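Given next are the chains, with one letter for each unit.
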Amino acid sequence: MTVYEELVERGLIAQVTDEDELKELINAGKATFYIGFDATADSLHVGHFMALCLMKRLQMSGNRPIALVGGGTTMIGDPSGRSDMRQMMTPEMINHNCECFKKQMSKFIDFSDDKAVLVNNADWLLDLNYVDVLREVGSCFSVNRMLSAECYKQRMDREGGLTFLEFNYMIMQAYDFYQLYQKYGCQMQLGGNDQWSNMLAGTDLIRRKLGENAYAMTITLLLNSEGKKMGKTQSGAVWLDPNKTSPFEFYQYWRNVSDADVIKCLKMLTFLPLEEIKEMEKWEGSELNKAKEILAYELTTLVHSEEDAKAAQESARALFSQGNAANMPTVELADSDLEDGKIDIISLLVKADLAPSRSEARRNIQQGGVSVNGEKVTDIQATVAKEELVGEGAVVKRGKKKFKKVVVK
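Just so we're clear, the structure is a prediction, and the values are computed from it rather than from any experiment. The residue count restarts for each chain, going from 1 along the sequence in the order it is written. In keeping with the model being predicted, local features are shown solely for residues with a pLDDT of at least 70 and side-chain atom pairs are shown and tallied solely at 80 or more, while totals for entire chains, interfaces and linings include all residues. Heavy atoms throughout the structure, all of them, feed into the side-chain values; hydrogens and water do not.

Draft legend 1. Examining the pattern of salt bridges more closely. In what follows, salt bridge is the name for a side-chain nitrogen of Lys or Arg lying within 4 Å of a carboxyl oxygen of Asp or Glu. Scanning the entire structure with this criterion turns up 19 salt bridges. With a closest N to O distance of 3.1 Å, Glu99 and Lys102 form a salt bridge. You can see Glu99 and its partner Lys102 sitting in helix α4 (residues 91-105), three residues apart, about one turn around the helix. A relative accessible area of 42% places Glu99 in the partly exposed class. Across the pair Arg208 and Asp204 runs a salt bridge whose closest N-O atoms are separated by 2.9 Å. Here a strand is any run of E in DSSP of at least two residues, a helix any run of H or I of at least four, and the numbering for each starts at the N terminus. Accessible area is worked out with a 1.4 Å probe on protein chains only. A residue is then buried under 20% of its type maximum, exposed over 50%, and partly exposed in between.

The following block contains the structure:
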């Protein structure tokens, strides 16, 4: 199986331009490609994780990654997939976040001996003269075509519309590709499927300005079986920084994916051989719990360390051994117990008979004595989504000894 065929088999590729040429470059290990990461937080999260894994896969096959940190583009904010404008950040905040990204990326990508490059688009974007940019690339962009892009159309249909600030984001991303092509011979951009329009703008700019071919490939978004983005909990994003999401919480997130999602996640995110994963596809019922443990262990090892993965696995098994997960006292909720596909944490404690009243439940939460799937909940406004309660359900604990498995049938 070629490198490209394996990417297809693992379900990683969504859209490509010029597939034959792109396939040839990747399979021969001759691609120099980039993925951009806007520095909107001080840690990467699960949404970035698949991109990092793909960079690692391609580098292992001889291809050369460029990790682009968006010190410049973060100043504007990507409107893709957004219903409102991103919060404006100070240059100091952005620079701090960029430094945090660099450390985390080094766990996935080998930057030694020029095997990969890490660049910051602030190095060229922040010094640009507006009139010079208009003269250099302005004529290469059709406003009609830009407005037909899905990332812009969605915003224009909403109250508040699309600001001129955000309208420039596509031009900036295209300019990044144009610069990287000239400076590093970067022929290919990879990114999330929601970046397709921006990526095409880059290939088009290179063709118009330089008369050369460049390529784009989008990665399948990591969605659960209900079509929602993975990597969110009742406390927010699942981060790669152990200080924001502990190795145990990270392990538990993957240990508790639904039965319908575990094989897909093994294919897309782990480096286990496909033959081994295909054997797991035959597993049913309680056997899938073993597949979830393998998934959680592999990913925790990748992001943190094998030592952290072992410790998290032991802690998780100890949690479930209190009566054994299969025999754990279980509470079944009906859809009518949920509102808009979720239930607030106070109601959950009361319905699970873990708190005698709402006031007692509120007090338990505020005192730090409540957890869901090993993750402490301290916000009395927190909610638990239905997808976390289907299948195996969620383990809800109050104090050290009171726990229930809560499921929605």
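Draft legend 2. Spatial organisation of the packing of aromatic side chains. In summary, the pairing rule links any two rings of Phe, Tyr or Trp, Trp by its six-membered ring, whose centres are within 6.5 Å, and it sorts them by plane angle into stacked for under 30 degrees, edge-to-face for over 60 and tilted for everything else. In total, this model carries seven aromatic pairs according to the counting rule given. Taking 5.9 Å as the distance between ring centres and 70° as the angle between the ring planes, the aromatic pair formed by Phe49 and Phe108 counts as edge-to-face. Taken together, the positions of Phe49 in helix α3 (residues 46-60) and Phe108 in the loop between α4 and β4 (117-120) put the pair 59 residues apart, joining distant regions of the chain. For the pair Phe49 and Phe108, a shared accessibility class is recorded, and that class is buried. The positively charged end of Lys56 is found above the aromatic ring belonging to Phe271, 5.9 Å away from the centroid. Note on criteria: charge over ring means Lys NZ or Arg CZ within 6 Å of the ring centre, with the direction from the centre no more than 35 degrees off the ring normal. The cationic tip of Lys244 hangs over the ring face of Trp239; the distance from NZ or CZ to the ring centre is 4.7 Å.

Draft legend 3. Main features of the nonpolar core. Definition used in this section: a nonpolar core is a set of buried Ala, Val, Leu, Ile, Met, Phe, Trp, Tyr and Cys residues joined via side-chain atoms within 4.5 Å. Counting residues in each nonpolar core, the largest one holds 66 residues, and the members touching the most others are Phe37, Leu52, Met188, Met217, Trp254, Leu266 and Leu269. The element best represented in this core is α3, accounting for nine residues. The contact criterion used throughout is that any non-hydrogen atoms of two residues lie within 4.5 Å. When residues no more than four places from it in sequence are discounted, the contact partners of Met217 are Tyr4, Leu7, Ile13, Gln15, Val16, Leu22, Ile26, Leu54, Gln189, Leu190, Gly191 and Met199. Counting residues in hydrophobic clusters, the runner-up holds 32 residues, among them Tyr169, Met170, Ala201 and Leu205.

Draft legend 4. The arrangement of a negative patch on the surface in detail. Like charges are joined within 9 Å and nonpolar side chains (Val, Leu, Ile, Met, Phe, Trp, Tyr) within 5 Å, but only among residues with over 30% relative accessible area and no salt bridge; these make up the patches. Only the protein chains shown count as cover for residues, with accessible areas throughout obtained via the Shrake-Rupley method and a probe of 1.4 Å. Positive charges come from Lys and Arg, negative ones from Asp and Glu, while His and the chain ends are left out of the count. The atom standing in for a charge is NZ when the residue is Lys, CZ when it is Arg, CG when it is Asp and CD when it is Glu. Judged by side-chain charge, Asp18, Glu19, Asp20, Glu21 and Glu24 come together as a negatively charged surface patch. You can see Asp18 is positioned in the loop between β1 (13-16) and α2 (19-27). Assessed through its relative accessible area of 40%, Asp18 is described here as partly exposed.

Draft legend 5. The arrangement of the sheet that holds strand β6 (residues 215-219) in detail. If you walk across this open sheet you meet the six strands as β1-β6-β5-β2-β3-β4, and the pairing is mixed. The open sheet has two edge strands with one neighbour each: β1 and β4. Mean inter-strand twist for the sheet, computed between neighbouring axes without regard to direction, equals 25°. Where α4 meets the sheet, its contacts fall on β2 (32-38), β3 (64-70) and β4, and the angle it forms with β3 comes to roughly 155°. The strands touched by helix α11 (residues 196-210) within the sheet are β1, β5 (188-192) and β6, with β6 carrying the most contacts at an inclination of about 165°. Two strands are said to pair when DSSP picks up at least two bridges between them. In this analysis an axis means a line fitted to C-alpha atoms, helices contributing only their contacting stretch, and an angle means the value between N-to-C directions, from 0 to 180 degrees.

Draft legend 6. Structural detail: the pairing of β3. Taking burial as the measure, the seven residues of β3 include seven buried ones, the bulk of the element. Every second residue of β3 is oriented toward a common face, with Arg64, Ile66, Leu68 and Gly70 on one face and Pro65, Ala67 and Val69 on the other, all of them buried. Here β2 pairs with β3 via seven bridges, running parallel. The residue bridging Tyr34 from the neighbouring strand is Ile66, located in β3. In this region the chain leaves β2, passes through α3 and returns to the parallel neighbour β3; the handedness of that crossover is right-handed. Alignment of β3 against β4, held across four bridges, turns out to be parallel. From the neighbouring strand, Ile66 faces β4, where its bridge partner is Val117. With its strands directed away from the observer, a crossover is right-handed exactly when the path from the first strand over the helix to the second travels clockwise.

Draft legend 7. Spatial organisation of unusual backbone geometry. Even without glycine at this site, Asp113 takes up a positive phi of about 50°. Tracing the backbone shows Asp113 in the loop between α4 and β4. The class for Asp113 is exposed, based on a relative accessible area of 69%. Unlike most non-glycine residues, Asp114 shows phi in positive territory, near 60°.

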